[in-house]
Amino acid sequence: MRLKSLILGAACAAALSTPAFAQTLTAITGGRVLTGTSVIENGTVVIQNGRVVSVGTAAAPVGARIIDARGKVVTPGFVAVDSGLGGSEISSVDGSNDLTNGANTISASFDVSYGLDPWSFTLPVARLGGITRAIVVPSHPGGGGGGHAHDDSDFAGVGAGGLQSPGLFAGQAAIIHLAAGTDILVKPRVAMVAPFGEAGAGIAGGARGAQFTQFKETLAEVRLYARNRGAYDRAGLRDLSLSRADLEALIPVANGSMPLIVTVRRAADIQQVLRLAREEGVRIILDGAEEGWLVADQIAAANVPVLLNPISNLPGNLETRATRMQNAAALDAAGVVIAIKGNDGSHRVRETRYNAGNAVSHGLPYEAAIEAITVNPARIFGMAGQFGELRAGAAADVVIWSGDPLEPLSDAETIFIGGAEQAPTSRQFLLRDRYRDGGEGAMPPAYDR
């Protein structure tokens, strides 16, 4: 009976997210509204048909469902970056990790969107932390997406078929929403991912200079292929170090239409990556950048955004000798657009807001911290105005908090994703409720004998 209740509970959560429910005209009134770019006291947020209709201080529309938010805080849903949500269940169980790829014929063309699991147990947990959207990235050496990335440094070089093994590129990221349902994909192939620094050097053979040379040669091959597809089809082109699928996937990177997420930590490596981007005409997003504060003015001048964990403060190796908890504040003060990450790719994504709060305690302005987990991720990944902000026309991703969302003791009391209200529960809560009170069905029949 209790197992049946667990199933019914999951079904009810999905039912709350049906399109019919999302069409309801709803007004959230009386709360302190953090739109993502401004603050409205005693504000009113009106949503319908999955979108924000209006945000301001006007009275609620006649006939709307009213949610009283007096004494509470209303925010956009938070956006997780460098995430593994929906792609990795248990990091130590290979069969549940669809973020890692080891085939040398598939590197840049690896598309994480095909491995996403809408029923992943990690999604409701993150949702209870106010996360409503996420940028899911493939695992790679030196990276944090999806939890624990494997180290391929011992296998660098030419692999089967003369192709790069492993490739310099980890694959392509995707955007998801966290609403209960059967399809969480918002947009596939939003960015390419590549490790640099120590991890990238290991892939290329052990030296940073080798990776940069190999990267430039790879983009030259991609451009050669793009200009000579016909010759390639006729086997009239010289041998190339990437498969056709990888060559096709890298064309948007080479022509600047797809950003490249570059995992890099050391200030010197950041400088060289910025130089590489200038020379090759590619758009980059820095991921990590623990020593970014040392070259914050150069990052800002290059108009390059940064994905970071602001509580990184201990040098784990020589790449992070100068890491400090004021990194986020220093980058923001220099004019760099930053997005704040959680404490791993999947299971601790809900702590994103805690990290934003820690950044505030180390000098980041409160408004900038809110932007770093709402509007900034949307801007960085080409989705400005579509989510991460309470404004007319944006997706109705709205969270009502019991208090300050950057305060750990505050709770997400009501969560809307795309206008659909989400059940405030997770598998952990369902199991707690099943066993807490005992009674019929709490234990399997064999335990009653």
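To start, this report covers the structure provided alongside it. (Residues numbered from 1 in each chain as written. Predicted model: local features only at pLDDT ≥ 70, side-chain atom pairs only at ≥ 80, totals over all residues. Heavy atoms only, no water.)

### Quick word on the side chain of N376
Filter applied, for reference: By the criteria applied, helices consist of DSSP H or I runs no shorter than four residues and strands consist of E runs no shorter than two, each listed in order from the N terminus. Polar contact criterion, stated in full: a pair of N or O atoms within 3.5 Å, where within protein one must be able to donate a hydrogen and the other to accept it, and residues adjacent in sequence count only if both atoms are side-chain atoms. When checking whether two residues touch, look at their non-hydrogen atoms; a contact exists if any pair is within 4.5 Å.
Along the polypeptide, N376 turns up in helix α13 (residues 375–380). Of the polar contacts made by the side chain of N376, one reaches the backbone oxygen of I338; its length is 2.9 Å. Setting aside residues no more than four positions away along its own chain, N376 makes contact with V337, I338 and E371.

### Describing empty space enclosed by the protein
Selection rule: Whether a set of points on the 1 Å grid over the protein atoms alone is a cavity depends on a 1.4 Å probe fitting there but being unable to get out, while an open set qualifies as a pocket with protein on both sides within 12 Å along at least five of seven lines; lining residues are those with an atom within 4 Å of a point. Grid points are joined across faces, edges and corners, and a volume is the space filled by probe spheres set on the points. Three classes are used, and their members are as follows: Ala, Val, Leu, Ile, Met, Phe, Trp, Tyr, Cys and Pro are nonpolar, Asp, Glu, Lys and Arg are charged, and the others, Gly among them, are polar.
Per the stated rule, a full pass over the model turns up 2 cavities of 30 Å³ or more. One number sums up the size of the largest cavity: a volume of about 70 Å³. Together, L34, T35, G36, T37, S38, V39, Y366, E367, I370 and E371 line the largest cavity. Quantified by volume, the second largest cavity comes out at close to 40 Å³. Of the residues forming the lining of the second largest cavity, the biggest block, 3 residues, is contributed by helix α8 (residues 267–280). Looking at side-chain class alone, the lining of the second largest cavity contains 9 nonpolar, no polar and no charged residues.

### A word on the pairing of strand β3 (residues 51–56)
Spelled out, the test is: By definition, two strands form a pair when at least two bridges between them are found by DSSP.
For strand β2 (residues 39–48) and β3, the ladder comprises 5 bridges, and the chain directions are antiparallel. Bridge assignment links T44 to a residue of β3, and that residue is G56. Taking the residues that link successive antiparallel strands as the turn, the β2-β3 hairpin has 2 residues, and the phi of N49 there is positive, at about 55 degrees.

### A few points about the nonpolar core
Generally speaking, nonpolar side chains in soluble globular proteins are found buried as a group. Note the threshold: Side-chain atoms within 4.5 Å link the members of a nonpolar core, which is a set of buried Ala, Val, Leu, Ile, Met, Phe, Trp, Tyr and Cys residues. For every residue, the accessible area obtained with a 1.4 Å probe (protein chains only) is divided by the maximum for its type, and the residue is called buried under 20%, exposed over 50%, and partly exposed between those limits.
The biggest cluster of nonpolar side chains holds 82 residues, and the ones touching the most others in it are I284, L286 and I299. The contact partners of I284, leaving out residues within four places of it in the chain, are L260, V262, V273, L274, A277, V304 and P305.

### Let's talk about the pairing of strand β5 (residues 73–76)
Sheet topology places strand β1 (residues 26–34) next to β5; 2 bridges connect them, and they run parallel. By the bridge assignment, R32 is partnered in β5 with V73. Pairing analysis gives 4 bridges linking β5 to strand β14 (residues 398–401), with the strands arranged antiparallel. Residue pairing for β14: T75 is matched across the bridge by V399.

### Observations concerning the pattern of salt bridges
Heads up, the rule is: Salt bridges are defined by distance alone: a side-chain nitrogen of Lys or Arg within 4 Å of a carboxyl oxygen of Asp or Glu.
Tallying each qualifying case throughout the model produces 23 salt bridges. Among the salt bridges present, the one from K216 reaches E279, with a minimum N-O distance of 3.1 Å. Separated by 63 residues along the polypeptide, K216 in helix α5 (residues 208–227) and E279 in helix α8 bring together distant segments of the chain. Given a relative accessible area of 43%, E279 falls into the partly exposed group. Between D233 and R244 there is a salt bridge; the shortest N-O distance is 2.4 Å. Taken together, the residues span a long stretch of sequence, with D233 in helix α6 (residues 229–233) and R244 in helix α7 (residues 244–254) at a distance of 11 residues. On the accessibility criterion, R244 (35% relative accessible area) is partly exposed. Connected through shared salt-bridge partners, K216, R223, R275, E279 and E280 make up one network.

So far we have only geometry, and geometry alone does not tell us how the molecule works.
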